[in-house]
Amino acid sequence: MTALVPFLFGIALVVLFLAIFLWFSRRRVSRPVPSEKITQPLFNEEVAEELALPVPPVEPSPPSVPELPRRYGVDRLVLLVRDPYWLYAYWEITATRQEEFNATYGPRAWNNTRPVLRVYDVTGVNFNGYNANSYMDINVQEEVDNWHIPVGQPNRSFCVDLGRMFPDGRFVTLLRSNVVTTPRSSLSECLDEEWMWIEGVYRSYQFQFGISSPMLIQEVAGRAAVVPLGISSPGFGPPVAGPGVEVKE
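For clarity, every value in this text was computed on a predicted model and none was experimentally measured. Residue indices follow the written sequence of each chain, beginning from 1 at its first position. Only residues with pLDDT of at least 70 get local features here, since the model is predicted, and only at 80 or more are side-chain atom pairs given and counted; chain-wide, interface and lining totals rely on the full set of residues. Side-chain metrics rest on all non-hydrogen atoms present in the structure, leaving aside hydrogens and water.

So what exactly am I meant to see when it comes to the overall build of the protein here?
Working definition: helices are DSSP H or I runs of at least four residues, strands are E runs of at least two. Numbering for both runs from the N terminus. Each helix and strand counted, the protein has four helices and eight strands in total. Along the protein, helices (α) and strands (β) appear in the sequence α-β-β-α-β-β-β-β-β-β-α-α when read from the amino end. Partly exposed residues are those whose accessible area sits between 20% and 50% of the maximum for their type, while under 20% is buried and over 50% is exposed, using a 1.4 Å probe and protein chains only. When the 249 residues of the protein are sorted by exposure, 24% land in the buried category. Per-residue and other accessible areas were derived by the Shrake-Rupley procedure at a 1.4 Å probe size, with only the shown protein chains allowed to occlude residues. Accessible surface, the protein as shown: approximately 20,000 Å² in total, 58% of it carbon and sulfur.

Got a minute to help me understand the sheet that holds strand β5 (residues 146–150) in this structure?
Two strands pair under a simple rule: DSSP has to find at least two bridges between them. Across the sheet, which stays open at both edges, the three strands sit in the order β1-β2-β5 with antiparallel pairing between neighbours. Of all the strands in the sheet, the pair left with one neighbour each is β1 (76–83) and β5. Between one strand axis and the next, the sheet turns by 20° as a mean value, whatever way the strands run. Each axis is a line fitted through C-alpha atoms, and for a helix only the stretch in contact is used; angles between axes span 0 to 180 degrees, taken between their N-to-C directions.

What's the story with the packing of aromatic side chains in this structure? I'm lost.
Two numbers describe a pair of aromatic rings. These are the distance of the centres and the angle of the planes. Pairing of aromatic rings covers Phe, Tyr and the six-membered ring of Trp, with a centre-to-centre limit of 6.5 Å; geometry is then stacked below 30 degrees between planes, edge-to-face above 60, and tilted otherwise. Taken as a whole, this structure holds seven aromatic pairs when the rule is applied. With a centroid separation of 6.3 Å and 35° between ring planes, the pair formed by Tyr88 and Tyr90 is classed as tilted. Look at Tyr88 and you get partly exposed, because its relative accessible area is 23%. Overall, Tyr90 belongs to the partly exposed group, its relative accessible area being 28%. With 6.0 Å between their ring centres and 55° between their planes, Tyr120 and Tyr135 make a pair best called tilted. One end of the pair, Tyr120, is in strand β3 (residues 114–121); the other, Tyr135, is in strand β4 (residues 134–139), and 15 residues separate them in sequence.

What's the story with a nonpolar patch on the surface in this structure? I'm lost.
The patches described consist of residues with a relative accessible area above 30% and no salt bridge, like charges being joined within 9 Å and nonpolar side chains (Val, Leu, Ile, Met, Phe, Trp, Tyr) within 5 Å. Whenever a carboxyl oxygen of Asp or Glu lies within 4 Å of a side-chain nitrogen of Lys or Arg, that contact is scored as a salt bridge. A contiguous nonpolar surface patch, about 760 Å² in accessible area, is contributed by Phe9, Leu13, Leu16, Phe17, Ile20, Trp23 and Phe24. One can find Leu13 in helix α1 (residues 4–30).

Quick question: what am I supposed to make of the pattern of salt bridges here?
Two side chains that carry opposite charge are able to pair once their charged atoms sit near each other. Under the defined criterion, the tally for this structure stands at seven salt bridges. The salt bridge involving Asp75 is made with Arg97; its shortest N-O contact spans 4.0 Å. Linking Asp75 in the loop between α1 and β1 with Arg97 in helix α2 (residues 95–105), this pair joins segments that are 22 residues apart in sequence. Residue class for Asp75 comes out partly exposed when judged on its relative accessible area of 28%. Exposure remark for Arg97: the relative accessible area of 22% places this residue in the partly exposed category.

Quick question: what am I supposed to make of the environment of Thr123 here?
For Thr123, the position within the fold is in the loop between β3 and β4. Placed eleven residues apart in sequence, Thr123 and Ser134 show a C-alpha to C-alpha distance of 9.7 Å. Here a polar contact is taken to be a pair of N or O atoms separated by no more than 3.5 Å, where protein atoms must pair a possible hydrogen donor with a possible acceptor and residues adjacent in sequence count only if both atoms sit in side chains. For Thr123, the side chain forms a polar contact with the side chain of Arg156, separated by 3.2 Å.

Looking at this structure, how should I read the nonpolar core?
Looking at soluble globular proteins, one finds that nonpolar side chains tend to be buried together. The nonpolar core is taken to be a set of buried Ala, Val, Leu, Ile, Met, Phe, Trp, Tyr and Cys residues, with the residues joined through side-chain atoms within 4.5 Å. One finds Trp91, Leu117 and Ile149 to be the most contacted residues of the largest nonpolar core, which totals 23 residues. Taken together, the elements giving at least two residues each to this core come down to β1, β2 (86–92), β3, β6 (157–165) and β7 (171–176). Two residues form a contact once any of their heavy atoms are found within 4.5 Å. Residues contacting Leu117, with those up to four places away along its chain left out, are Trp91, Met136, Asp137, Ile138, Val140, Trp147, Ile149, Val160, Asp161 and Leu162. Core analysis: the second largest hydrophobic core is formed by seven residues, Tyr120, Val122, Phe127 and Met165 among them.

Help me understand the pairing of β3 in this model?
Each regular strand displays side chains that alternate between the two surfaces of the sheet. In terms of burial, β3 is largely enclosed, as seven of its eight residues are buried. Relative to β6, β3 runs antiparallel, the two being bridged by eight bridges. Paired with Val119 across the bridge in β6 is Val160. Sheet topology note: the β3/β4 ladder contains six bridges and is antiparallel. If you follow Val119 over to β4, its bridge partner there is Met136.

Here it is as structure tokens:
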């Protein structure tokens with residue numbers, strides 16, 4: 001009996017140690033593990049750029065206007081008046097006209113001739129190509145298609161031919177222009193006495209009766225004993241007979 005006491009005492013100590021060990025093991029397993037604290041970044045994305053001046057927005061360019069064709073494939077010579085002393089002409093000669101010229105005067109006729117503008121003074125005549133008052137020739141280059149023509153004569157009519165001049169002086173017309181008349185360089189010498197008389201009456205009565213008042217017509221008829229005819233202003237209307245006035249149609 002005495003020998004069993006130490007044996008039982010040893011078994012009790014082993015059981016106690018096992019109980020303590022199991023208690024600490026269960027407590028360590030059930031203890032939650034603290035999670036790591038995750039720090040959110042200050043910026044989601046970081047981009048490096050070079051410093052530069054702000055570029056202004058580009059405005060859309062206006063729609064382009066199509067250019068006029070330089071040639072239209074039509075043989076023509078147009079004459080215009082620039083002022084009392086100058087004319088302006090522009091023209092176009094097609095390849096067909098050149099071929100016709102070579103077919104008529106020889107295969108190398110075009111290369112053996114030179115272009116010439118012949119300016120006719122056709123004032124007061126019905127021009128037919130031979131009855132001009134006078135003319136002058138102007139040499140032009142092969143590649144040009146327009147020319148400023150100094151005539152130096154106001155109030156005159158002109159017509160222009162574009163042709164080829166042979167070495168022997170023979171001139172062949174290719175194109176003929178329209179007829180134009182230069183304006184005067186001074187005041188006209190023609191005076192319209194009737195309009196001057198009407199203007200005087202108008203100035204005398206415009207403030208008294210008004211511009212279009214029918215009383216003006218009656219006053220004119222009473223003083224002049226006749227209503228002026230042929231007046232183009234619609235304000236006058238048909239002739240009106242006043243007292244003692246006979247209107248003849």
